[in-house]
Amino acid sequence: MSSGIAEWADEAKTRVGFFTDTSVCIGCKACEVACKEWNLIPQDGQDFLARSYDNTGELNGETWRHVAFIEQEKPLHTNGDGTTGLRWLMESDVCKHCTHAACLDVCPTGSLFRTEFGTVVVQEDICNGCGYCVPACPFGVLDKRHLPATTDKPPLFLGKKEDGRVWKCTLCYDRLRGGHEPACAKACPTKSIQFGPLDELRERADARLEKLQDEGWNGAQLYLRDPDDGIGGGGAFFLLLDDPEVYGLPPDPVVTTSHLGAMWTNMAAAAAVFAVGIAGTFLWGSHD
Amino acid sequence: MTDGVRSYYGHPVIKEPTWTWEIPCYFFTGGLAGASAVLSTASKLFGNEKLSRVALYVGATADAVSPGLLISDLGRPERFHHMLRVFKVTSPMNVGSWVLLVSGGASSTQALLELLGVLKPVKIAAEVASTVFGPPLATYTGVLIADTAVPVWHEARRELPWLFGASAAASAGAAACVFLDPADAGPARRLAIGGVAAEGGLMRAMELRLGEVGEVYQYGAAGSFARAAKGLAGAGAALLALRGRRSRAAAVVGGALVCAGELCLRWSVYKAGIQSARDPKYTVQPQRERASRNGGSKATTLPAARTGSAG
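Since the model is a prediction, treat every value here as computed from it, not as a measurement.

Structural notes on the overall build of chain B
Right, on to step 1. Of the regular secondary structure elements, chain B holds eleven helices and zero strands.
Right, on to step 2. Counting from the amino terminus, chain B carries its helices and strands in the arrangement α-α-α-α-α-α-α-α-α-α-α.
Right, on to step 3. Taking all 311 residues of chain B together, the buried fraction comes to 58%.
Right, on to step 4. Of the contacts made within chain B by residues no fewer than 6 positions apart, 75% connect residues no fewer than 24 positions apart.

Structure follows, in structure tokens:
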């Protein structure tokens, strides 16, 4: 479905991504801050959400790294003495840079594209704010920016006061091209956010999962690591300590365009019956 | 799940569509335009010139309004032409933009030349184009919304193009009834009545297939619009069937009621999408069930290679 890294031919680079190991996340939000700083993301208000230490709430046009905080009455280890204390789960969420990316597939302008690093990026000089990618993303990552437009000279016709475009994590495309790691990974003090070639990260994640399971960590699992899942695996994947939905992630995401072929065929049938049906009104009951 | 559907503080998993009022209105005008183009040509072929002309003007008007609605919804309206810098079959919105461009351009050309009475060969070429692109114009919007992660849309992907097609046909027939002497409006009347009947059946089939997530059509704005659609279109179709043949007034009122009902139907589907995106249970529950059916969560609890069960 998605245009792949292979389209870059000779210019293709090794596919890179994030492995976010939530078992060592300390919830410092350095990733959120570094992301905002490097990418010059405007501030979008300071809200108190009463969701543990989470006050950014979600990934959206103005938040490209989001740390989730979950407080649970669950044992940290399954092989412990069974005491159930408070367990504090923290997870730095980010765009998944899907192998089969719905946002990229449905984008009508070609603004969303696959980079030579295999990541998915919005070209802000192309995006016209149609918003199709917003409900197409199975993770709710992209959103339209409703903050005031920052261009100095608004167009003569058809201009709007707000930015109106769609924004998301670029996996620091500019830094990658300069040979640097993304700002969030650079800022992470515990190596919860690991950046590198995707193949390497997967091996590292497998070893880490095995270690945590040997140690009896409750609920340890890899999320979006499997290249055979509904999105072909994430360019950004995670080690979680509970089921994905607890972190606000979909348990079995499937790229919506995996059904698109059947949808077009079905529509062609509907369109044909529609035309025949209209013509039929002239034949049937033509006595009046 | 015994402990109900789990979520992150009840926060939605997916983003609700950012589309505003223009989009459900466009679903109506685009459908009306596509169906009217086909109705106009069919009328001409069957020798009903008056109906053909009325359907042509109704369709051309709807076609002229549609791009305005779509451009107005864009976050950057001045970049509307970026829709046409690529052709992309994986994007129903891109395909739809091309369909609307050709179909709309053709129907306005045709209407203008008909009014002026000049350039007959060009007019016929335009008529062919608008007729060929009419059915896709009336149905592609069903694919457009189904091709999202919104549960109540994606899971209705089989019914939506048919439902929108039936709704479009009903509105085209009904609109023609409003502007035409009942003596000439026979096929339009039957189209309106048949469209409303088909749409009722398709709506029911869609709700049955949707199962639990289909409940969004029962409450909130989606529920109100669904009931209004059923009431208005049903009353309009009944009026057309009982009195539309003899009374001009009944034809006008009946046609207007059906059109209002079809507009409400599009609004109902639009609002249902927002409601189903807003509640995480509609996203999480079916996926959790699917994951359990496929033998546990899709999340890897042990690397396949290490469990020795790969394959």
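From this point, the narrative continues.
With respect to the domain arrangement of chain A
Right, on to step 1. What the domain assignment lists for chain A is domain 1 (5-254) and domain 2 (256-288).
Right, on to step 2. With centres defined by C-alpha atoms, the gap from domain 1 of chain A to domain 2 of chain A works out at 42 Å.

Points about helix α7 (residues 260-283) of chain A
Right, on to step 1. With 24 residues, α7 of chain A should reach 34 Å at 1.5 Å per residue; the first-to-last C-alpha distance of 35 Å fits that figure.
Right, on to step 2. Of all the residues in α7 of chain A, the buried ones are L260, M263, N266, M267, A270, A271, F274, A275, G277, I278, T281 and F282 of chain A.

Observations regarding the environment of F237 of chain A
Residue and element names in this part refer to chain A.
Right, on to step 1. Checked against the element boundaries, F237 lands in strand β10 (residues 236-240).
Right, on to step 2. On the basis of neighbour counts, which here come to 25 C-beta atoms within 10 Å, the residue F237 falls in the buried class.
Right, on to step 3. Sequence separation of F237 and T20 is 217 residues, and the distance between their C-alpha atoms is 6.3 Å.
Right, on to step 4. The contacts of F237, once residues within four sequence positions are left out, are F19, A205, L222, Y223, L224 and R225.

Examining the interface of chain A and chain B
Accessible area lost during the coming together of the parts is what is often quoted as the interface size.
Right, on to step 1. Taken together, the contacts link 73 residues of chain A with 76 residues of chain B.
Right, on to step 2. Tallying contributions element by element places α7 of chain A first for the side of chain A that touches chain B, with 14 residues.

Thoughts on the packing of helix α2 (residues 49-73) of chain B against helix α6 (residues 160-179) of chain B
Residues and elements named next belong to chain B.
Right, on to step 1. Two elements in contact, α2 and α6, have axes separated by 9 Å at closest approach and are oriented at 115°. It follows from the interaxial angle that α2 and α6 lie roughly perpendicular. Crossing of α2 over α6 shows right-handed handedness. In this structure, α2 contributes L51, V54, A55 and V58 to the contact, and α6 contributes A172, A175, A176 and F179.
Right, on to step 2. Looking at side-chain class alone, the contact of α2 with α6 contains eight nonpolar, no polar and no charged residues.

Topic: the pairing of strand β1 (residues 16-21) of chain A
Residue and element names in this part refer to chain A.
Right, on to step 1. Judged by how many residues are buried, β1 sits mostly within the fold: six of six residues are covered.
Right, on to step 2. Here β1 shows two buried faces, one formed by V16, F18 and T20 and the other by G17, F19 and D21.
Right, on to step 3. Note that β1 and strand β8 (residues 193-197) share five bridges and pair antiparallel. What sits directly across from F19, in β8, is Q194.
Right, on to step 4. Two strands pair when backbone bridges link them, and β1 and β10 are joined in this way by four bridges, in the parallel orientation.

Thresholds, definitions, all that
Residues numbered from 1 in each chain as written. Chains lettered and ligands numbered in written order. Predicted model: local features only at pLDDT ≥ 70, side-chain atom pairs only at ≥ 80, totals over all residues. Helix = DSSP H or I, 4+ residues; strand = E, 2+ residues; numbered from the N terminus. Buried ≥ 20, exposed ≤ 12 C-beta atoms within 10 Å, placed from the backbone. Contact = placed C-beta atoms within 7 Å. Domains from an automatic or database assignment. Expected span 1.5 Å × (residues − 1). Axes fitted to C-alpha atoms, helices over the stretch in contact; angles between N-to-C directions. Parallel < 35°, antiparallel > 145°, perpendicular 65-115°, else oblique. Left-handed = near helix turned anticlockwise from the far one by under 90°. Nonpolar A, V, L, I, M, F, W, Y, C, P; charged D, E, K, R; others polar. Pairing = 2+ DSSP bridges.

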